[in-house]
Amino acid sequence: MTLFSPAISDRRTELQGAAQDPTPLPMKVAIIGAGRGGTALLDALHQIGTIGVVGIVDINPSAPGLRRAQELTVPIYDRVSNLLKNQQPSLVMDVTGDPTMESVLQKEVPPGTNIVNGQTSRLLWLLIQHETGLQAELLHAEKLAGIGSFAAGIAHDINNPLQLILGLAENLTEETDLDAVHLQARDIIEAVKRTTAICRDLTSYSRRTSLQQEGLISVNAKLDEALKIARYAVALQDIEIRKRYQPDMIAKGNPDQLLHVFVNLITNAVQAMEHQGILTLETTAVDEGTQIRVSDTGSGIAPELLNRIFDPFFTTKPPGKGTGLGLYNIKNVIHHMHGTITVESQVGRGSTFTLTFPGETSQSEGGSS
Ligand SMILES: Nc1ncnc2c1ncn2[C@@H]1O[C@H](COP(=O)(O)OP(=O)(O)O)[C@@H](O)[C@H]1O
Ligand SMILES: [Mg+2]
């Protein structure tokens, strides 16, 4: 069984590389300020293997970036001087927006250590926001590319009720018994409602996700919704689906993006099983928060490919079946939700993708999803 977690393994490879080559030591960055800017910077820099975030400081103990730092095991400080003394960063990034911080840093930061502040840190913040926008666009583009493959599934699902409607309507042209007419009319209404529901699900899935729309998501309901959507992308009729849901599981984030994550994981799992096998969807409360596992009994992933599957455009599928952007987008959404994703896989036996999201787990369902 090979285990893989994208962020951690990237880092390990980088550090090993650094040991052989004397020059590219990881850049040691300290972040001053753990508000929105500091959190975004921490998230962005943490994903880059050649950068080591050696510490973050904020006088406010409940600043959001400090919680994030704890999750990422980045050292937390309440005084700039302690951070500088203990970590000796090569670069100090001030994102406090506090004009007095400049003179504090000037005094405390030793010569030779670079400082990024003022307009420069604002520029960085703008670049990070821009990148977040690009990621959202990429996710949408990949989703639309996936919907292209839904055509056969949709045609099948809409054709069944249409055939039923046709048959009933043909009967009605000759039916004289009023009770039978009413009964058939009711069947027609039901069939139309079914097709309307399909159209509604797909229209809402294909719409652009609004980034503002964040809240508590009922994870079990989202997994069920994802199964409904995934049915259009992949044939599920010969797949045994096992659901092991712990009740009332929630995660905090954007419901549309989480739905897309689940659709992608389920689609990958079913594709790996070549449409035959067992798909297990599991949710559990763990110490860290909510855990979701999507397992398949499919082809598995070769150990040498495990650290590549999260790369953009990495795919082993023929054109039309895969874009190679699924797991890349998944990783971004999960990082944005402050969660983690790991994969365990055995060639020929199957794979399990495990998602962990922070937060309380036993709240009532419904949330904003
Ligand atoms: N459940 C799985 N079982 C086996 N291989 C998988 C699974 N999920 C992902 N992969 C591998 O990771 C690659 C990248 O996946 P993804 O980013 O979703 O792109 P795509 O599905 O478009 O190829 C896939 O091409 C496949 O080789
Ligand atoms: Mg995929």
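Residues numbered from 1 in each chain as written. Chains lettered and ligands numbered in written order. Predicted model: local features only at pLDDT ≥ 70, side-chain atom pairs only at ≥ 80, totals over all residues.

Draft legend 1. Main features of the overall build of the chain. Helix and strand content of the chain: eleven helices and 13 strands. Across its three principal directions, the C-alpha atoms of the chain cover 95 × 45 × 35 Å. Per-residue burial over the chain gives 33% buried out of 369 residues. For the chain, long-range pairs separated by at least 24 residues make up 72% of all intrachain contacts whose partners lie at least 6 apart in sequence. (Helix = DSSP H or I, 4+ residues; strand = E, 2+ residues; numbered from the N terminus. Buried ≥ 20, exposed ≤ 12 C-beta atoms within 10 Å, placed from the backbone. Contact = placed C-beta atoms within 7 Å.)

Draft legend 2. How the structure looks around the packing of helix H6 (residues 118–147) against helix H11 (residues 326–336). It is the contact of H6 with H11, at a shortest axis distance of 10 Å, that shows an interaxial angle of 140 degrees. Relative to H11, the element H6 lies oblique. As for the relative orientation of H6 and H11, their crossing is left-handed in sense. Along the contact surface, H6 presents Gln135, Leu138, Leu139 and Glu142, while H11 presents Gly326, Asn329 and Asn332. Of the residues in the contact of H6 with H11, the class split is two nonpolar, four polar and one charged. (Axes fitted to C-alpha atoms, helices over the stretch in contact; angles between N-to-C directions. Parallel < 35°, antiparallel > 145°, perpendicular 65-115°, else oblique. Left-handed = near helix turned anticlockwise from the far one by under 90°. Nonpolar A, V, L, I, M, F, W, Y, C, P; charged D, E, K, R; others polar.)

Draft legend 3. Region of interest: the sheet that holds strand E5 (residues 91–94). Spatially, five strands are ordered E4-E3-E2-E5-E6 in an open sheet, and the strand pairing comes out parallel. The open sheet has two edge strands, strand E4 (76–77) and strand E6 (114–116), and neither has a second partner. Here strand E2 (residues 27–32) pairs with strand E3 (residues 51–57) via six bridges, running parallel. Residue pairing across strands places valine 29 opposite valine 53, the latter belonging to E3. Across the face of the sheet, helix H4 (residues 80–87) comes into contact with E2, E3 and E4 while running at roughly 150 degrees to E3. (Pairing = 2+ DSSP bridges.)

Draft legend 4. Structural context of the domain arrangement of the chain. Domain assignment breaks the chain into domain 1 (2–13 + 23–116), domain 2 (147–206) and domain 3 (215–358). Summarising the inter-unit geometry, the C-alpha centres of domain 1 and domain 3 are found 31 Å apart. Taken together, the contacts link ten residues of domain 1 with 14 residues of domain 3. Residue composition of the side of domain 1 that touches domain 3, by class: three nonpolar, four polar and three charged. (Domains from an automatic or database assignment.)

Draft legend 5. Just the environment of leucine 66, in detail. Relative to the helices and strands, leucine 66 resides in helix H3 (residues 64–71). Taking the C-alpha atoms as reference, leucine 66 lies 30 Å from proline 247; in sequence the two are 181 residues apart. Those residues in contact with leucine 66 that lie beyond four places of it in its chain are Ala34, Ile56, Asp58, Pro61 and Ile76.

Draft legend 6. Seen up close, the nonpolar core. Of all hydrophobic cores here, the largest spans 42 residues; its most connected members are Ala226, Ala230, Phe262, Leu265, Ile266 and Ala269. Mapped onto this core, the elements with two or more residues apiece are helix H9 (219–233), strand E9 (250–253), helix H10 (255–272), strand E10 (277–286), strand E11 (289–296), H11 and strand E13 (350–358). If one sorts the elements of this core by residue count, H10 sits on top with ten residues. Filtering out sequence-adjacent residues up to four positions away, alanine 230 remains in contact with Val263, Ile266, Thr267 and Val270. Membership of the second largest hydrophobic core comes to 25 residues, among which are Ala34, Leu41, Val57 and Met93. (Core = buried A, V, L, I, M, F, W, Y, C linked by C-beta atoms within 7 Å.)

Draft legend 7. Representation of the site of ligand 1 within the structure. With respect to spatial proximity, 20 residues lie near ligand 1, and among them Ala272, Thr315, Gly322, Gly326 and Leu327 are the closest. Of all the secondary-structure elements, those providing two or more residues to the shell around ligand 1 are H10 and H11. Broken down by element, the residue count for the shell around ligand 1 peaks at four residues, all from H10. A breakdown of the residues in the shell around ligand 1 according to their chemical character gives seven nonpolar, eleven polar and two charged. (Near = placed C-beta within 6 Å.)

Draft legend 8. Up close: the pairing of E11. The buried fraction of E11 amounts to six of the eight residues, a majority that puts the element mostly inside the structure. Bridging between E10 and E11 involves eight bridges; their strand directions are antiparallel. The residue of E11 that forms the bridge with threonine 284 is glutamine 291. Connecting E10 to the next strand, E11, in antiparallel fashion are two residues. One ladder, built from eight bridges, connects E11 with E13; its direction is antiparallel.

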